Amino acid sequence: MKRLIETIKNIFKIEELRKRILYTLGLILIYRLGSFVTLPGINPEALANLHSQVEGNGLLGLLDLFSGGAFSNASIFALGIMPYISASIVIQLMGILVPHFQKLQREGESGRRKLNQWTRYLTIAVVLLQGPTYLVNLHTQLPEAAYVLGSSSVLFSITATIVLLAGTMFVMWLGEKITDKGIGNGVSLIIMVGIIARLPHALLAEFNTRLTESTGGPVALVVELVVLFVIFAATIALVQATRKIPVQYAKRIVGNKQYGGVRQYIPLKINAAGVMPIIFAQALMFIPMFFTRFEATQSFVAVFADYTGFWYNFVFALLVIAFTWFYTAITVNPMMMAEDMKRNGGFIPGIKPGKKTSDYLDTIMSRITFPGSVFLAFVAILPAFAMKFGINNQFALFYGGTSLLILVGVILDTLQQIESYLLLRHYDGLMKNGRLKGRSGL
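Conventions used here
Residues numbered from 1 in each chain as written. Predicted model: local features only at pLDDT ≥ 70, side-chain atom pairs only at ≥ 80, totals over all residues. Heavy atoms only, no water. Pairing = 2+ DSSP bridges. Helix = DSSP H or I, 4+ residues; strand = E, 2+ residues; numbered from the N terminus. Patch = residues over 30% accessible without salt bridge, like charges linked within 9 Å, V, L, I, M, F, W, Y side chains within 5 Å. Areas by Shrake-Rupley, 256 points an atom, 1.4 Å probe, with all protein chains shown as cover. Salt bridge = Lys/Arg side-chain N within 4 Å of Asp/Glu carboxyl O. Phe/Tyr/Trp six-rings, centres within 6.5 Å; stacked < 30°, edge-to-face > 60°. Buried < 20%, exposed > 50% of the residue type's maximum accessible area, 1.4 Å probe, protein only. Lys NZ or Arg CZ within 6 Å of the ring centre and 35° of its normal.

Novice: Before we move on, could you go through the sheet that holds strand β1 (residues 242–249) and cite the residues and values that matter?
Specialist: Strand order in the open sheet made by the three strands is β4-β1-β5, with antiparallel pairing throughout. Looking at strand neighbours, the two that pair on one side only are β4 (263–269) and β5 (346–347), the edges of this open sheet. Looking at chain direction, β1 and β4 are connected through seven bridges and run antiparallel. Bridge pairing in β4 links Thr242 to Lys269.

Structure (C-alpha cells):
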C-alpha cells in the first residue's frame with residue numbers, strides 16, 4: 001500500500017504527465033455527462049420500456065455496454081464511437097485492396113492525415129445509415145406519448161439524425177484529442193469507460209438474481225467472481241505473452257571504443273494485434289441489425305441477433321481469428337525488421353541476414369499468431385457460455401468477449417504509457433519486478 005501511494009505521488013510530480021491525466025479525465029467526464037442527455041423531442045421519463053428491452057437482449061445489451069448506457073438512454077451519444085470503428089475497418093481493408101490507399105499508407109504522416117480524413121467522411125456515411133435504424137428501433141419500443149412531435153414526424157427524424165451525427169463526430173473528436181494531448185488511446189479509452197460505467201449495474205443485477213431467485217445464493221456469486229478473476233488472469237497472460245528472438249550484434253571498434261558485441265532480444269507478442277481484432281469483428285456483427293426493417297431478411301437477422309446462438313458465436317470466432325491474422329500482418333513487418341537489423345549490424349544466430357531473417361521472423365509470427373488467435377476467439381465467445389450457465393445477461397458480458405479484452409488491453413496500454421513517463425524521469429515503475437507490456441510495447 002505504501003508503494004502504491006508513493007507511485008501515485010511520483011505520477012503527479014511529473015508536470016506533463018499530470019496535465020495529460022487531468023486532461024484525459026476532463027474529456028471523459030464530458031463524454032459521460034453527454035451520455036445522459038436525451039435526444040430532443042423525447043420524454044426521458046418514457047424510456048423505461050427501452051431499458052427493459054435492452055437489458056433482456058444480448059446484442060442490444062452489448063451496444064448499450066459500448067456506449068456506456070447512452071443507447072438505452074436515447075442519448076445524443078447513443079451511437080457512440082462504433083460508427084468510427086466501422087469506418088476504420090473499411091479504410092483498413094481498402095489499404096490492402098485499393099492501390100490508391102496503399103500509396104497513402106506508404107506516404108508517412110501526410111498519408112496518415114489523408115486516411116484519417118477519409119475515415120471521418122466514411123463515419124458520416126455510416127451514421128446516416130445507423131441513425132435512422134436506431135430511430136426505427138426507438139419507434140418500436142417507445143409509446144407514441146414519449147414523442148413531443150410524434151414518432152412519425154419528418155422534422156423529428158431529420159433533427160434526431162443530425163443530432164446523432166453531431167454526437168458521434170463529437171465523441172470521435174474527444175477520442176482524437178485524448179490521443180494527442182492526453183494519455184492512452186482515446187477511442188479505446190472511451191469504449192473502456194463506457195464498459196466500466198455499466199459494471200456496477202451489472203454486478204448489482206447479478207447479486208439480486210442470486211439472492212432473490214434461489215439460484216445458488218451467495219456461494220454461487222463467490223464462485224462466479226473467482227472464475228471471473230481466473231479469466232482476467234488468463235487474458236492478461238495472453239495480452240502480455242511474448243516469444244523472445246535472440247539477436248547478436250557484431251563488434252565494431254571506433255577509435256578507442258568498442259560498440260556492439262552484445263546479445264539482445266526481439267519480443268514478438270503472441271497477441272500482436274491487441275484488442276483491435278475483437279473490436280473489428282464485433283462491429284461487423286452489428287451489420288445484420290441494419291436489416292431489421294425488411295421482411296425478407298427477418299430470419300437471417302433473427303439468427304445473428306441471438307447472442308448465445310451457435311451461428312452467431314461461430315461466425316464471431318472466425319472473424320476474430322481472421323482479423324487477428326489480418327491486423328498482425330499490417331502492423332508487424334518482418335522485412336522491415338530484418339532490414340533494420342542488418343543495417344545496425346545485427347543478426348539472428350544461425351540465420352543469414354536479409355531475406356532468410358525475414359522468412360524466419362514471418363514463420364515464427366505465423367506459429368505464435370495461430371494459437372493466440374484461437375485463444376482470443378475462445379475468450380470472445382465466453383459470455384455465451386456464461387449465459388448458458390445461468391449468469392445474468394448483463395454480468396455475463398464481463399466474462400469474456402469484447403468487454404473483457406478491451407478492459408485488459410486498454411488498461412495495460414495506458415499503464416504502460418504512464419510507466420514510460422515514470423522511468424524516463426528515473427522514478428520506479430508501476431511493478432516491483434519487471435515492466436508492464438501494453439499493446440504497443442515491444
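Novice: Tell me about a nonpolar patch on the surface, and name the residues and values.
Specialist: A cluster of nonpolar side chains, Leu4, Ile8, Phe12, Leu22 and Leu25, forms an exposed patch at the surface whose accessible area comes to about 470 Å². Going through the elements one at a time, α1 (2–13) and α2 (15–34) are the ones with two or more residues in the nonpolar patch. Broken down by element, the residue count for the nonpolar patch peaks at three residues, all from α1. In this structure, Phe12 sits in helix α1.

Novice: Describe the packing of aromatic side chains, listing the residues and the values that go with them.
Specialist: Applying the stated criterion across every chain yields a total of nine aromatic pairs. Judged by centre distance (6.0 Å) and plane angle (50°), the rings of Tyr312 and Phe316 are tilted. Highlighted residues: Tyr312 and Phe316, both in helix α13 (residues 310–331), separated by four residues, approximately one helical turn. Using a relative accessible area of 0% as the deciding quantity, one classes Tyr312 as buried. The class for Phe316 is buried, based on a relative accessible area of 1%. Their ring planes at 70° and their centres at 6.2 Å tell us that Phe323 and Phe326 sit as a pair that is edge-to-face. In this pair, Phe323 and Phe326 are both assigned in helix α13, three residues apart and thus about one turn of the helix distant. Through a chain of ring-to-ring contacts, three or more aromatic side chains come together here, namely Tyr31, Phe77, Phe170 and Trp173. A cation over an aromatic ring shows up here: Lys244 above the ring of Tyr265, its NZ or CZ 5.9 Å from the ring centre.

Novice: Kindly report on the pattern of salt bridges, identifying the contributing residues and their values.
Specialist: Enumeration over the complete set of coordinates arrives at five salt bridges. For Glu16, the salt bridge is made with Arg20, and the minimal N-O distance between the two is 3.5 Å. Highlighted residues: Glu16 and Arg20, both in helix α2, separated by four residues, approximately one helical turn. A relative accessible area of 19% places Arg20 in the buried class. Note that Glu176 and Arg120 form a salt bridge whose closest N and O atoms lie 3.2 Å from each other. Note that Glu176 is positioned in helix α8 (residues 154–181) and Arg120 in helix α7 (residues 109–141), a separation of 56 residues in sequence.

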